[in-house]
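Here is how the chains run, residue by residue.
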Amino acid sequence: MPLVRLPNRKLLYFTHVPKCAGTAVERYLQTRFGAIGLLDESFGRRSNADAWMLSPPQHMPESVRRELLPDTLFDGKFATVRHPATRLRSVFMFQKLVEKSLPERIRFDRWVETLPRTLALDPYALYGHLRPMAEQVPETARVFHVEHGLTNLVTWLDEQAENEDGPRNIVDANVTVKRISATEYELPLLTQAVCDRIAELYWIDYDRFGYDPQPNEENRTP
């Protein structure tokens, strides 16, 4: 949940939903507006003694945010979201191929079936990557869908900052398939059965953000 101060002194709150272009947006904000707060890019390397939260602050659940940082502090709130099936597949690939936190041979469909138990035992599993987006995005946030591109987000930031300074594009960052060799992975298929199961488990995201159970073919990249 990074905070950014604009040149006109407005304070914005960005909801960083894991695997929804959050890192790309944060780097854009840093480039355009300077240092941002409540962003811990070293959280995964901290020892248990140094980690003061169960997940990085940028992945803070909305229920916690409301208690710590009330709405009246902010001049605006925004978030980026993504189709739950492609987001979850990206989480799977990132954790398996980059973080190495999942068994080497586990399949995507089998992993999806483990999620209800994992979340029941630990809602902060994988640093909050498995939480529904709706549990992180404020009801009053301006929501931008990654599938539609982020040009509208740049335009919205222009309006908030009352200027058009800085880059005109948000550049990809932390894309899993760009961090590994093409020979290291096989892209899991988003079959009808898998998509139906994800829609069942994450129904709250489909309902709130207006996604169909099956993502468009062109929007299935990790």
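Provided above is the structure to which this section pertains.
Cut-offs used in this document
Residues numbered from 1 in each chain as written. Predicted model: local features only at pLDDT ≥ 70, side-chain atom pairs only at ≥ 80, totals over all residues. Heavy atoms only, no water. Salt bridge = Lys/Arg side-chain N within 4 Å of Asp/Glu carboxyl O. Buried < 20%, exposed > 50% of the residue type's maximum accessible area, 1.4 Å probe, protein only. Axes fitted to C-alpha atoms, helices over the stretch in contact; angles between N-to-C directions. Helix = DSSP H or I, 4+ residues; strand = E, 2+ residues; numbered from the N terminus. Parallel < 35°, antiparallel > 145°, perpendicular 65-115°, else oblique. Left-handed = near helix turned anticlockwise from the far one by under 90°. Contact = heavy atoms within 4.5 Å. Nonpolar A, V, L, I, M, F, W, Y, C, P; charged D, E, K, R; others polar. Core = buried A, V, L, I, M, F, W, Y, C linked by side-chain atoms within 4.5 Å.

Engineer: Is there a simple way to think about the pattern of salt bridges in this case?
Structural biologist: Pairing is possible between side chains of opposite charge, provided their charged atoms come close. The tally for this structure, following the rule as stated, stands at seven salt bridges. Ionic pairing is found between Lys77 and Asp71, a salt bridge with its closest N-O pair at 3.7 Å. What makes Lys77 buried here is its relative accessible area of 11%. Overall, Asp71 belongs to the partly exposed group, its relative accessible area being 37%. One salt bridge connects Arg131 with Glu135, and the closest N-O pair in it is separated by 2.9 Å. Assessed through its relative accessible area of 10%, Arg131 is described here as buried. Residues joined by salt bridges that share partners form a network here, namely Arg32, Asp158 and Arg168.

Engineer: Would you mind going over the packing of helix H4 (residues 108–121) against helix H8 (residues 192–201) with me for this structure?
Structural biologist: Two quantities define a packed helix pair, namely the angle between the axes and the distance from one axis to the other. Axis separation between H4 and H8 bottoms out at 11 Å; the angle between their running directions is 15°. In terms of axis orientation, H4 runs roughly parallel to H8. Note that H4 runs across H8; the crossing there is left-handed. Across from Phe108, Asp109, Val112, Glu113 and Pro116 in H4, the residues of H8 making contact are Val194, Arg197, Ile198 and Leu201. Looking at side-chain class alone, the contact of H4 with H8 contains six nonpolar, no polar and three charged residues.

Engineer: Honestly, the nonpolar core in this entry has me stumped. Any pointers?
Structural biologist: One recurring pattern in soluble globular proteins is that nonpolar side chains are buried together. Of all hydrophobic cores here, the largest spans 31 residues; its most connected members are Leu88, Phe108, Trp111, Leu130 and Ile198. At the level of secondary structure, the elements contributing two or more residues to this core comprise strand E3 (76–81), helix H3 (84–98), H4, H8 and helix H9 (203–209). Ranked by residues supplied to this core, first place goes to H3 with six residues. Listed in part, the 19 residues of the second largest apolar core include Val25, Ile36, Phe144 and Trp156.

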